[in-house]
Each structure stands twice: as C-alpha cells, then as structure tokens.
Amino acid sequence: METLFKKILVANRSEIAVRVINACRSLGIPSVAVYSKADLTSKHRRYADESVFIGEAPPRESYLDIDKIIDAAQQTGCDAIHPGYGFLSENSQLPKRCAEAGLTFIGPPADAMLLMGNKVESRMRMADAGVPLIPGMKGSGADMTAFEEAADQAGFPVMIKAAAGGGGKGMRIVHKPEELADAVEGAKREAAGAFGDDTVYLEKYISNPRHIEFQVIADTHGNCVHVFERECSIQRRHQKIIEETPSIALTDEIRAKMGADAVKVARAAGYVNAGTVEFLFDLSGNYYFLEMNTRIQVEHPITEMVTGTDLVVEQIRVAAGLPLSEQFYSLTQRGHAIECRIYAEDGEANFMPSTGKLIHYSEPVGPGVRVDSGVELGSEITIDYDPIMAKLIVHAPSRQLAIRKMIAALNDYKILGVKTSKRFMIDCMSHKEFVNGHTYTNFIEVNMADREMDVEAYRDLAIAAAAAASGRKAALASEAVDDTGRSAAPSPWQNIGAWQIGDKIHDQV
Amino acid sequence: MTRYDFLYDGEPYEATVEREGEILHVTVGERTFQLRPAGDNLYVADVNGRRTVVAAAFNKDVCHVDVDSVLLDIREASEESFAGAGDHAAEKDKIFAPMPGKIVKIMVEVGQEIAEKQAMVIVEAMKMENQVVSKAAGKVKAVNFKAGDQVDTETPIIELDIEEQK
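From a predicted model like this one, the values you see are computed outputs, not experimental measurements. (Residues numbered from 1 in each chain as written. Chains lettered and ligands numbered in written order. Predicted model: local features only at pLDDT ≥ 70, side-chain atom pairs only at ≥ 80, totals over all residues. Heavy atoms only, no water.)

### Description of the interface of chain A and chain B
Many analyses report the size of an interface as the accessible area lost when the parts associate. With 50 residues of chain A at the interface, the matching set in chain B holds 50 residues. Our count for the contact surface shared by chain A and chain B stands at 5 salt bridges. With a closest N to O distance of 3.2 Å, Asp66 of chain B and Lys414 of chain A form a salt bridge. Counting the contacts that link chain A with chain B gives 13 residue pairs in polar contact (both at pLDDT 80 or more). Among the secondary structure elements, those contributing two or more residues to the side of chain A that touches chain B are β16 (352-353), β18 (360-362), α12 (399-412), β22 (414-416), α13 (422-430) and α16 (456-478) of chain A. At 18 residues, the largest contribution of residues to the side of chain A that touches chain B is made by α16 of chain A. Each residue belonging to the side of chain A that touches chain B can be placed in one class, and the counts come to 26 nonpolar, 11 polar and 13 charged. (Contact = heavy atoms within 4.5 Å. Salt bridge = Lys/Arg side-chain N within 4 Å of Asp/Glu carboxyl O. Polar contact = N/O pair within 3.5 Å; in protein donor to acceptor, adjacent residues only side chain to side chain. Helix = DSSP H or I, 4+ residues; strand = E, 2+ residues; numbered from the N terminus. Nonpolar A, V, L, I, M, F, W, Y, C, P; charged D, E, K, R; others polar.)

### Section: the sheet that holds strand β19 (residues 369-373) of chain A
Sheet strands pair by backbone hydrogen bonding; their relative direction is either parallel or antiparallel. Residue and element names in this part refer to chain A. One open sheet accounts for 8 strands, arranged β13-β12-β9-β10-β11-β14-β21-β19; its pairing is antiparallel. Only two strands of the sheet have a single partner each, and these edge strands are β13 (287-293) and β19. On average, each strand axis in the sheet is tilted by 25° relative to the strand beside it, whichever way the strands run. Across 6 bridges, the pairing between strand β9 (residues 210-218) and strand β10 (residues 224-236) is antiparallel. Its bridge partner being in β10, Ile217 is matched across the sheet by Val225. (Pairing = 2+ DSSP bridges. Axes fitted to C-alpha atoms, helices over the stretch in contact; angles between N-to-C directions.)

### Brief notes about unusual backbone geometry
Residue Pro157 of chain A follows Phe156 of chain A across a cis peptide bond; omega there is -5°. Examined against the element boundaries, Pro157 of chain A turns out to sit in the loop between α7 (144-154) and β6 (158-162). Put simply, Thr245 of chain A and Pro246 of chain A share a cis peptide bond, and its omega is -5°. In this fold, Pro246 of chain A is placed in the loop between β11 (239-245) and α9 (252-268). One non-glycine residue with positive phi stands out, namely His238 of chain A, at about 60°. Looking at the element boundaries, His238 of chain A is found in the loop between β10 and β11. Among the residues examined, His238 of chain A registers a relative accessible area of 62% and is labelled exposed. Backbone geometry at Ser69 of chain B places phi at a positive 70°, although glycine is not the residue there. The residue Ser69 of chain B is located in the loop between β7 (62-67) and β8 (70-76) in this model. Exposure remark for Ser69 of chain B: the relative accessible area of 2% places this residue in the buried category. (Buried < 20%, exposed > 50% of the residue type's maximum accessible area, 1.4 Å probe, protein only.)

### What to know about a negative patch on the surface
On the surface, a cluster of negative charge is made up of Asp143, Glu148, Glu149 and Asp152 of chain A. Checked against the element boundaries, Glu148 of chain A lands in helix α7. (Patch = residues over 30% accessible without salt bridge, like charges linked within 9 Å, V, L, I, M, F, W, Y side chains within 5 Å. Areas by Shrake-Rupley, 256 points an atom, 1.4 Å probe, with all protein chains shown as cover. Lys, Arg positive; Asp, Glu negative; His and termini not counted. Charge placed at Lys NZ, Arg CZ, Asp CG, Glu CD.)

### Here we look at the packing of α7 of chain A against helix α8 (residues 180-195) of chain A
Residue and element names in this part refer to chain A. As a packed pair, α7 and α8 sit with axes 11 Å apart at the nearest point and diverge in direction by 120°. Here α7 and α8 pass one another in a crossing that is right-handed. Contact with α7, carried on its side by Met144, Phe147, Glu148 and Ala151, involves Leu180, Ala181 and Val184 of α8 and no other residues of that element. Counted by class, the contact of α7 with α8 contains 6 nonpolar, no polar and 1 charged residues. (Left-handed = near helix turned anticlockwise from the far one by under 90°.)

### Description of the sheet that holds strand β7 (residues 172-174) of chain A
All names here are of chain A. Within the open sheet, the 3 strands sit side by side as β7-β6-β8. Their pairing is antiparallel. Single-partner strands in this sheet number two, and they are β7 and β8 (200-204). Strand-to-strand twist of the sheet, defined as the mean angle between neighbouring strand axes without regard to direction, takes the value 25°. Of the strand pairs in this sheet, β6 and β8 are connected by 5 bridges, and their pairing is antiparallel. Within β8, the residue paired with Lys161 across the bridge is Tyr201. Across the sheet, α7 lies against β6 and β8, angled at about 15° from β8, the strand it touches most. Lying on the sheet, α8 is in contact with β6, β7 and β8; it crosses β6 at an angle near 25°.

### Some thoughts on α12 of chain A
All names here are of chain A. With 14 residues, α12 should reach 20 Å at 1.5 Å per residue; the first-to-last C-alpha distance of 20 Å fits that figure. Buried within α12 we find Arg399, Ala402, Ile403, Met406, Ile407, Ala409 and Leu410. All buried residues of α12 fall inside an arc of 165° around its axis, so they share one side. Looking at α12, the residues exposed on the side facing more than 90 degrees away from the buried face are Gln400 and Arg404. (Expected span 1.5 Å × (residues − 1). Arc of directions from axis to C-beta.)

### Quick look at the domain arrangement of chain A
By the assigned domains, chain A splits into domain 1 (8-106), domain 2 (135-204) and domain 3 (210-448). Each of domain 1 of chain A and domain 2 of chain A has a C-alpha centre, and the two are 38 Å apart. (Domains from an automatic or database assignment.)

### Here's the deal with empty space enclosed by the protein
Residues and elements named next belong to chain A. A full pass over the atoms with the stated rule returns 2 cavities of 30 Å³ or more. When its volume is computed, the largest cavity comes out at roughly 60 Å³. In terms of lining, the largest cavity is formed by Lys119, Ser122, Arg123, Leu133, Lys161, Tyr201, Glu203, Phe289 and Leu290. Those elements giving two or more residues to the lining of the largest cavity turn out to be α6 (119-129), β8 and β13. With 3 residues, α6 is the single largest residue contributor to the lining of the largest cavity. Roughly 40 Å³ of internal volume is contained in the second largest cavity. (1 Å grid on protein atoms, 1.4 Å probe; cavity = no way out; pocket = protein on both sides within 12 Å on 5 of 7 lines; lining within 4 Å. Points joined across faces, edges and corners; volume = space filled by probe spheres on them.)

### A few points about helix α1 (residues 14-26) of chain A
Residue and element names in this part refer to chain A. With 13 residues, α1 should reach 18 Å at 1.5 Å per residue; the first-to-last C-alpha distance of 19 Å fits that figure. For α1, the buried fraction is high: 10 of the 13 residues fall into the buried class. Taken as a whole, α1 has its buried residues at Ser14, Glu15, Ile16, Ala17, Val18, Arg19, Val20, Ile21, Ala23 and Cys24.

Here you go:
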C-alpha cells in the first residue's frame, strides 16, 4: 500500500514522541525515534520502528542539534520530520533545513513561524487584518513620549512587554503614570539580557482574564478551519496544568466570532498545518488576540476527544499535500473534555521538580479515559528535561461528569518513585469556584494560596500500607532463588509430583 | 502477628499485621485498617465506609505510598535510619540543594538572623527555579557557595546556628 510518507522521523522525546509515533502507526507509516544518552531505555525509543542515537543528555547536544536530526533522517531513509512541541518545534531553521535536504517538515512554513515569533510584528499584522488586540501600541515606542501617549489612551494599569518575549521576562505592570519611565527602562534591560533585543511595547493590563485558545488547521490548498476552543486558565508559574473544552465562558455567538477571528489570524500569517491562536477573554466578555503557537500543543487531546478528530494524523495528511479531511467542515463539540498534566513535581512543595525511578506505575482505564504517557515502570526521571511525564484526559457528557471522572481517574493513576501534583489538581477541581466555572488565570493565586494539606490525616493508613508492603517485600525476598537455581517458593508443578494425563482416572473408574 | 517499625517525618511509628485469609488487619496506634491486596503494590482499604485503593512500594528502605493521591514516604526504622543516614531531614542547621543544579541566588548573608521557612537560596534544575527554605530559625554561620556555582545534594550550601539545638 502506498503511504503518505515513506518514513517519518520524530524529532522529540517522551509522551509527544509516543503520540506522534501512534499517529504514524495508524497511517501505516514507519517511524524513527531519536534519543539521547539519557533516553537509552526510554519508552519513545522502543515504541518507534527504528531509533537513532543523537548524542549526550544536554538538549543542545542532542534534541536541539539540527545537524544531527537531519543526518538521522537521511541516514534512515525518512522523507519527513515531525517536531512535536518544545525543542526545535518553533525554530524556523528546521523547516528551512528540511527543505534544503529534500525533507518535508510537518508543521507551518518558516515565514509564518518567524512572524509569530516576533510579538511586535505579528501584532501589527493582526491589527491590519482586523483582529481585536489589547489596546496599546501597534509597534514598539520610539521614545518615552510614545509610551506616555499610549498609556494615556489605554488607561492604567498598563503592561510593558518585550517584543521577543516569553516566560514573564521583560514584563512590567504599571499602575501609575509616574512609574512608567522606570518600568520601561527596567523592561528594556531585562529584555536585552534575556533575548538580546531590548524592544519593548505597551498594552492595557487585563486583570482576571481567562486564557482561551482556538485550534486551527490549514491545508496547502487555501482551506483553513478552526476546531473550537480550549480554556487553559488554570496555570502556575505561567504554566498550564489543567485544560478543558468547551469553555464555560463562551456563548455560541462569541465562539463563532472568536473562531472566525482565529481563522483570520492564521490566514493573515500565511499559515499551513495545525496551530493555536491564543486569546485573553476579559470579565466583560471582550477578547483580545495574544499570540499564535506554531506547533501542536500539549493540550491538543481535549480537542480530539470532543470533536472525534486526530489532529496529528491530520497534520501528517496536510503536510503530504492532501486537502483537509471532509470531517473538518462539519465538526461539532460533543460532551466535555479535561486534561491534567502529570508533571514530576511536588504539588505540596511549591511544584519543585522531583527526580527518581518509577517503582510503581499503573494507569487508570475506563470509557472516556485516555493517557498520553512517555513513561512506564522503571523509567528514570532526571533533571535533564522538562518534567512532564504524561497527560491524563477524560471525556464525559457534561462538565460536571468530566470533573468527577477526572478526580476518580487521578486517584486511580498510581505513580510511585517521584512526587506529582495529582492531589493539588484534585483540590483545584473540587474547589467551588472551579466547579462554578470561575476559572481565571489567577485562580491558583486567589483560591489555592491558603490551601492546607492535612497530610497527618493520611499518615496512619499510609503506615498500614507500608506494613502490608513490608510483608510482601519479605515474601519476595524469601522467594529468591536458592542454591539449586530453583525458586524457593513451592510451585504447583513441584507439589503435584510425577503424573501423566489420564493415568489415575482410569484406575478410579 | 508481625510487627514493623517505621519512621515518618523523623517520628517513630509501629504497625502490627494480622493475616486472616487474604485480608490484612493492620493496627497503627489506635486505628486498625483492613487491607486487601489487589495486585502488584495495590491494596483496597475501607476508610469511613468509603473504598479506596492505596499504592505502596519500597525503594530500598523507603516505602512510597499514595493514599487518595496524597503521597507519603514511610521509612523503615533501622539503626541506620535513626542516625539519619542518606537523608538530611534531621540536619536542621544545614541547607542542602533538593537536587543537583546551579545556584541562581543566595538570599542571605553571614551573620543574618533568619526565621523558620525563610527563603535561603534559589537553585535551578530541570529548567525551573526552586526556592530552598530554612528548617529552623537561627543565624547564618557560613555560606559555602555563590551564585553561578554548581551544587550537589551532599554539600551544605548554607550552615546555621539554630536556636532550638537539641
């Protein structure tokens, strides 16, 4: 059978590499994994049809090394590369180098990536396209007068942001006019240090927004559709931990308008393949374009669950030049989906990363329960990479049922050896403000700050379980192989003695 | 009946296990729990009329336990563990990095009075910055590293004179 590609190299690791390999499998396309020294025994390596060693554990020497990735693809006869998320996924050099090497990059064109990587330029382009932006400067300010005028127009509080920004660096919230000059200077200094570019601009500061993003997908034939929204307001340290769809905040009317604007953004950027248009949604129901992520997102599975699509399969199809699948023109949202990110981090100690070897690993199962995982029993969680281990996704007929199903599934998801934030997320979703849909980006700050975990209440049962486990540990030790090379534990085959099928039965009859 | 000794958060506890068929009756302090083994490392327990599945498995002498998604580490009590070997929990007068990494910032200086749970140092590992806080109130005696240094988990970053020295 002719497949869309001969072979696909997956330039990533862990759960997203496994996810992409799964999509390759369902299309009948062989896949090649790449792995660093830290990932010799990793799940993603074993999951692929072939694998290529690309260097030492530090990302610069392996997963971020474009030369090695291109070499690995050519050496194994691949004709396409899927970048996943993170690592090289938003580096415009990768699509360029792929094109030079005659490989198909499964993602957007380099130009669209470059445009969206520059916050000031993309803002100007989107303003021209008629997409609502946070009131403020169109571009960067030439001098302080420009900042003062823009702040006056937008009204305080305002926010100073770095053009090349991200991760909260080069960002300042300014409440009063007299603080403006210092804030601009400070933001410039920080931006220069962090990004080597001191361009900053000014926007109105939106307090208590929701983070609502739209999935879009475009083919090479000029077709572009949105695949509805995801609400990702539950964040800690600017990192999403719980995502859901549909958003409780959107009416069908606003949804249609935002979706149409998301498509407008993608078209204005000359976008092809899957991408995500992020909006801030304020308390009055206004929304503003924030940025576009030019890759598959961590939280894409919730969209797949409510729409019955496979976004990674569709990425591969459109990269092969096929028009968008028919189903994308008649999508509906069925039920409600939630995703919880399972990080190796301590939810009870300020989300401190946690390292170790997984000594127990069992996933929840059941209708509407999906686990996208990059780990298994025995996996080592090291300090080399992002601590995401897996994503737990549930799908149910309603939001309320989805919340209950997620809490049960988190409790059934047993991972021992590293800390996780399972309980923290359960407590978020059990909070009445979450249940009532009052999910804003400051949710954790406002509602979880004074959360107290009464660990003592669980202590005695935990000690009882440790005693039970001690008994098992002792039993396992006594089962250890004796000097005859046989297990010391009696096996039924030893107890039964010599026998022959049917021999005694005849005697008895 | 089998007796086991454990340490939790530095405090000693004992548990006795009585087996009745497949059910384990485990007594800890005043409470007795019925645990039914339910596959590798899993036990079904009835707590206040509600069924819950507890996971418990040993890594060397530490039993990692998940009860209702609350994660607890129960240490086997032995002479070694009483001495605090391999664990710095008992050394309240020393600040260690939680994992190997790079020091981003030292937030105190020698001679400074500090409170319990005061932020002492920021260590970067796994692309994230982690604050390390003091385990007791006291006065900073020594600062052994500076920002930019690599640290392991065995060398104290900061040493304190603490008030409630036992």
